[in-house]
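# An overview of the molecular structure
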Amino acid sequence: MSIEHGVRPLEEGVHTDLESRLTYGGYLDLDRLLSAQHPLSDHHDELLFVIQHQTTELWLKLMIHELRGARAFLDADDLAPALKSLARVKHILKTITEQWSVLATLTPTEYAQFRDVLGPSSGFQSVQYRAIEFMLGNKHAAMLKVFESDPPAHAMLTEVYEQPTVYDAFLRLVARRGLPVPASVLERDVREPWVEVPALVEVFREVYTDTETHWDLYETSEDLVDIEDAFQFWRFRHLRTVQRTIGFKTGTGGSSGVGFLKRALDLTFFPELISVRTQLGG
């Protein structure tokens, strides 16, 4: 079917009578989704700020879904789908990292014209972001208090806080493979933040020096390092976007702003997977 006069004719099989049938907009609930943006000022650029954060929250929702899936697959010794979920998390992180470039088009002058309407609201209060940090090992009991005014959010985060992390699930799988994961790791209080365990470095040294025997554990380890790197790139891009927009001002949520974000770059989820590299080679 050729294009004539700049118009592409509809194919005969295209559905055009959609009365009482499931539509694209209905399936995605677009009426509700596209009416969920409520800027508090009349400034043109506030809509960008709202959509930037809402779309990030949607990606975070999918990350939580995939991390939960990966943990369940690891618990079931089913590495193939676990690796698929971890790969998807890596791509989500890449997407939301690139997304900072859109917000970076917001100049300091433009942001200053509506920043006051935000009050004390801040990305620091994102329950989904905090849940992902918890799922990856950065547990922090004091963070639960931030969400006490929102019972559903507090309940969700408390549940994640009390559950094993993705790394816990992986290490238990490694132990089931017969590698000498210390009992103190397998029996640890999963509510505590992860702290490097030197004995685990030797476990991973065996995995990395005998990849033929431990290929799937080696592959999973590298996928976790990929996630660690991608998360750090996201944090760094966040920091740079904030710095170019507000300089070194205090954040809307009361944090020190750029200084607070810089300290997050010192956090690591899987320290043994980094430390083992020092032990490899000549």
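Here the structure is shown first, and the text comes after it.
Quick notes on the rules
- Residues numbered from 1 in each chain as written.
- Predicted model: local features only at pLDDT ≥ 70, side-chain atom pairs only at ≥ 80, totals over all residues.
- Heavy atoms only, no water.
- Helix = DSSP H or I, 4+ residues; strand = E, 2+ residues; numbered from the N terminus.
- Buried < 20%, exposed > 50% of the residue type's maximum accessible area, 1.4 Å probe, protein only.
- Expected span 1.5 Å × (residues − 1).
- Axes fitted to C-alpha atoms, helices over the stretch in contact; angles between N-to-C directions.
- Parallel < 35°, antiparallel > 145°, perpendicular 65-115°, else oblique.
- Left-handed = near helix turned anticlockwise from the far one by under 90°.
- Patch = residues over 30% accessible without salt bridge, like charges linked within 9 Å, V, L, I, M, F, W, Y side chains within 5 Å.
- Areas by Shrake-Rupley, 256 points an atom, 1.4 Å probe, with all protein chains shown as cover.
- Salt bridge = Lys/Arg side-chain N within 4 Å of Asp/Glu carboxyl O.
- Core = buried A, V, L, I, M, F, W, Y, C linked by side-chain atoms within 4.5 Å.
- Contact = heavy atoms within 4.5 Å.
- Lys, Arg positive; Asp, Glu negative; His and termini not counted.
- 1 Å grid on protein atoms, 1.4 Å probe; cavity = no way out; pocket = protein on both sides within 12 Å on 5 of 7 lines; lining within 4 Å.
- Points joined across faces, edges and corners; volume = space filled by probe spheres on them.
- Nonpolar A, V, L, I, M, F, W, Y, C, P; charged D, E, K, R; others polar.

## Looking at the environment of A141
Relative to the elements of secondary structure, A141 occurs in the loop between helix 6 (127-136) and helix 7 (151-162). Using a relative accessible area of 43% as the deciding quantity, one classes A141 as partly exposed. As a C-alpha pair, A141 and E192 span 51 residues in sequence and 8.2 Å in three-dimensional space.

## Concerning helix 11 (residues 215-246)
Helix length check: helix 11, at 32 residues, gives a terminal C-alpha distance of 47 Å against a target of 46 Å (1.5 Å per residue), a fit within 8%. With its phi angle positive at about 65 degrees, G247 sits one or two positions after the end of helix 11.

## Regarding the packing of helix 4 (residues 79-103) against helix 11
At a minimum axis separation of 9 Å, helix 4 and helix 11 run at an interaxial angle of 15 degrees. The angle between helix 4 and helix 11 falls in the class roughly parallel. At the point where helix 4 passes helix 11, the crossing takes the left-handed sense.

## Quick word on unusual backbone geometry
Across the chain, the bulk of peptide bonds are trans and the bulk of non-glycine residues have phi less than zero. In this structure, D29 takes a positive phi of about 55 degrees despite not being glycine. For D29, the position within the fold is in the loop between helix 1 (24-27) and helix 2 (30-33). Backbone geometry at D77 places phi at a positive 60 degrees, although glycine is not the residue there.

## What to know about a nonpolar patch on the surface
A contiguous nonpolar patch, built from L22, Y24, Y27 and L28 and spanning about 530 Å² of accessible area, is present on the exposed surface. Among the secondary structure elements, L28 is positioned in the loop between helix 1 and helix 2. Taking the relative accessible area as the measure of exposure, L28 reaches 36% and is therefore partly exposed.

## Focus: the nonpolar core
Nonpolar side chains tend to gather and get buried jointly when the protein is soluble and globular. If you look at the biggest cluster of nonpolar residues, it comprises 68 residues, and the most contacted ones within it are L93, Y167 and F204. When residues of this core are traced back to their parent elements, those giving at least two are helix 3 (46-75), helix 4, helix 6, helix 7, helix 8 (166-176), helix 10 (198-209), helix 11 and helix 12 (258-264). A total of 10 residues in this core trace back to one element, the largest contributor, which is helix 11. Apart from residues lying up to four places away in sequence, L93 is in contact with M63, I227, A230, F231 and W234.

## A word on the side chain of E46
Topologically, E46 is positioned in helix 3. One buried charge, E46, has no salt-bridge partner; the nearest side chain with opposite charge is R115, at 12 Å. Residue contacts for E46: discarding those within four places in its chain leaves P39, L40, S41, F114 and V117.

## Comments concerning the layout of surface pockets
Put simply, the largest pocket is a space of about 1,400 Å³. Around the largest pocket, the lining comprises 50 residues; the ones closest to its centre are H53, S122, G123, F124 and H238. When contributions to the lining of the largest pocket are tallied by element, the ones reaching two or more residues are helix 3, helix 4, helix 6, helix 11 and helix 12. Residue contributions to the lining of the largest pocket peak at nine residues, all from helix 3. Counted as a void, the second largest pocket has a volume near 310 Å³. Along its surface, the second largest pocket is lined by R32, L33, L34, A36, Q37, I51, Q54, T55, E57, L58, K61 and Q128. Every element with two or more residues in the lining of the second largest pocket is listed here: helix 2 and helix 3. Here the lining of the second largest pocket is composed, by residue class, of five nonpolar, four polar and three charged.

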